[in-house]
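Each chain, letter by letter, is given below.
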Amino acid sequence: MTLTESAPAVRPAAVRPPAPARRLPSIKTAVVAASAYLIAFIFLFPYLVMILTALRPQEELREATFFPETFAWSNFANFWTGGLAQNLGVTLQVAAGSTIMVLLVALPAAYYTARHEFRGRTAFLILVLITQMFQPTAMLVGIYREFYQFGLVDSIWSLILVNSGFNLAFAVWILHAYFSSIPRELEEAAFIDGNGRFGALFRVTLPLAMPGVVTALIFTFIAAWNEFVVALTLTTTPANQPLTVALNSFIGQYQVDWQNLFAGSVIATIPVIILFALIERKVVGGLTAGSIK
């Protein structure tokens, strides 16, 4: 390097700004967070008691201790060896069948009412809403007589039909609100691209309406999963009864088999919790459909 050549300039190392001091939450934030944790604990405490009771042996049921001294994992094993696994399968069939049937009927009904102006549309939607006011218990005698005449008593199909009928109105209203919130211009653009009505529906509208579909799915599934009164009336054979009715067999006239009852309740709760946790975000989006225009 000659004297006339200047040495390359050395850039100073980049200095990172000091990390801002972590501020303590405000009193309002702390109170809201503490209240949220308290409410969550109040709601979760019964489940904790249920799990601990399911793990208690028979001789510790009447003890005042909160935690059992020994954990009886055999209570959960008795669920599978006692034949309740078959009842769990019936519950899955009824809940899944009811959900599929509701979606097959509610999707076209909600889409047509959201996209077409026809005479009596408002009356139809009000009529659908009115049917949601009827409770299965009030019509239990008529439901039983109707299925008895058709020879569907003590059948899984009778439970699927009843659960589908009583959850259809809610699904139609949720899906109608969501289809109405989707701009029609998106479908018209799909028509220009060469898609027909069904092509635009399946390629454009349904993917955008998926939060509403998931909301209808989860609520129908949970309602069919937890249904008890109709299933108790329409099923007589233990093998055809859903889990909600089968668990009732642990409640006797003079004593209750608490540990096995709660063990079955824990197992019956786990699938619903997992399903709701997986699609919780879309459920929130579906419930708020149509609130913002």
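Because the structure is a prediction, the values reported are computed rather than measured. (Residues numbered from 1 in each chain as written. Predicted model: local features only at pLDDT ≥ 70, side-chain atom pairs only at ≥ 80, totals over all residues. Heavy atoms only, no water.)

A. The arrangement of the overall build of the chain in detail. Looking only at helices and strands, the chain has 13 helices and 0 strands in total. Start at the N end of the chain and walk to the C end: the helices and strands fall as α-α-α-α-α-α-α-α-α-α-α-α-α. Out of the 293 residues belonging to the chain, those deemed buried represent 34%. Looking at the chain alone, contacts between residues at least 24 apart form 72% of all its contacts between residues at least 6 apart. On the chain, roughly 19100 Å² of surface is accessible, and the fraction owed to carbon and sulfur atoms is 68%. (Helix = DSSP H or I, 4+ residues; strand = E, 2+ residues; numbered from the N terminus. Buried < 20%, exposed > 50% of the residue type's maximum accessible area, 1.4 Å probe, protein only. Contact = heavy atoms within 4.5 Å. Areas by Shrake-Rupley, 256 points an atom, 1.4 Å probe, with all protein chains shown as cover.)

B. The arrangement of the nonpolar core in detail. Phe-76, Phe-79, Leu-84, Trp-225, Leu-243 and Leu-247 are the most contacted members of the largest nonpolar core, which totals 21 residues. Elements supplying a minimum of two residues to this core: helix H1 (27-54), helix H2 (74-81), helix H3 (84-115), helix H9 (210-226), helix H11 (243-246) and helix H12 (258-278). Counting 19 residues, the second largest nonpolar core, distinct from the first, contains Ala-110, Tyr-111, Leu-175 and Val-213. (Core = buried A, V, L, I, M, F, W, Y, C linked by side-chain atoms within 4.5 Å.)

C. View of the UniProt feature "transmembrane region" (unreviewed entry) in the chain. Those residues carrying the UniProt feature "transmembrane region" (unreviewed entry) are residues 30-55, 90-112, 124-144, 156-179, 200-225 and 261-279 in this numbering. Each end of residues 261-279 is marked by a C-alpha atom, and these two atoms are 29 Å apart; helix forms 95% of the span and strand 0%. (UniProt positions renumbered as here; feature names shortened; annotations may be inferred.)

D. Spatial organisation of the environment of Met-133. Of note, Met-133 is situated in the loop between helix H4 (121-131) and helix H5 (140-149). Of the residues examined, Met-133 reaches a relative accessible area of 61% and is grouped as exposed. Taking the C-alpha atoms as reference points, Met-133 and Ala-169, 36 residues apart in sequence, are found 9.6 Å from one another.

E. Up close: the packing of helix H6 (residues 156-181) against H9. One way to put it is that H6 packs onto H9 with a least axis distance of 9 Å and a crossing angle of 160°. Here H6 is positioned roughly antiparallel relative to H9, judged by the angle of their axes. Of the two elements, H6 crosses H9, and the hand of that crossing is right-handed. Facing Asn-163, Asn-167, Phe-170, Ala-171, Ile-174, Leu-175 and Tyr-178 of H6, the residues of H9 in contact are Pro-211, Gly-212, Val-213, Thr-215, Ala-216, Phe-219, Thr-220, Ala-223 and Ala-224. In the contact of H6 with H9, the residues fall into 11 nonpolar, 5 polar and no charged. (Axes fitted to C-alpha atoms, helices over the stretch in contact; angles between N-to-C directions. Parallel < 35°, antiparallel > 145°, perpendicular 65-115°, else oblique. Left-handed = near helix turned anticlockwise from the far one by under 90°. Nonpolar A, V, L, I, M, F, W, Y, C, P; charged D, E, K, R; others polar.)

F. Structural context of the packing of aromatic side chains. Per the counting criterion, the structure on display carries 7 aromatic pairs. Ring geometry for Phe-170 versus Phe-219: centroids 5.2 Å apart, planes at 50°, classification tilted. Placement of Phe-170 in helix H6 and of Phe-219 in helix H9 is noted, with a sequence separation of 49 residues between them. A relative accessible area of 27% means that Phe-170 is categorised as partly exposed. Both rings, one in Phe-221 and one in Trp-225, keep their centres 5.6 Å apart while their planes meet at 25°; by these two values the pair is stacked. With Phe-221 and Trp-225 both in helix H9 and 4 residues apart, this pair spans about one turn of that helix. Here Phe-221 matches Trp-225 in class, with each residue buried. An aromatic cluster is defined as three or more aromatic residues linked by ring pairs; in this entry it consists of Phe-71, Trp-73 and Phe-76. (Phe/Tyr/Trp six-rings, centres within 6.5 Å; stacked < 30°, edge-to-face > 60°.)

G. Quick peek at a nonpolar patch on the surface. Taken together, the side chains of Leu-38, Ile-39, Phe-41, Ile-42, Phe-43, Phe-45, Leu-48, Phe-66 and Phe-67 present a nonpolar region at the surface, about 920 Å² in accessible area. Following the sequence through the fold, Phe-67 ends up in the loop between H1 and H2. For Phe-67, a relative accessible area of 53% translates into the label exposed. (Patch = residues over 30% accessible without salt bridge, like charges linked within 9 Å, V, L, I, M, F, W, Y side chains within 5 Å. Salt bridge = Lys/Arg side-chain N within 4 Å of Asp/Glu carboxyl O.)

H. Geometry of the environment of Asn-75. With respect to the helices and strands, Asn-75 occurs in helix H2. Spatially, the C-alpha atom of Asn-75 lies 6.6 Å from that of Gln-259, the residues being 184 residues apart in sequence. Leaving out residues up to four positions away in the same chain, Asn-75 has contacts with Ala-54, Leu-55, Arg-56, Gln-259, Asn-260 and Ala-263. Within the structure, the side chain of Asn-75 is placed 2.7 Å from the backbone oxygen of Ala-54, a separation counted as a polar contact. (Polar contact = N/O pair within 3.5 Å; in protein donor to acceptor, adjacent residues only side chain to side chain.)

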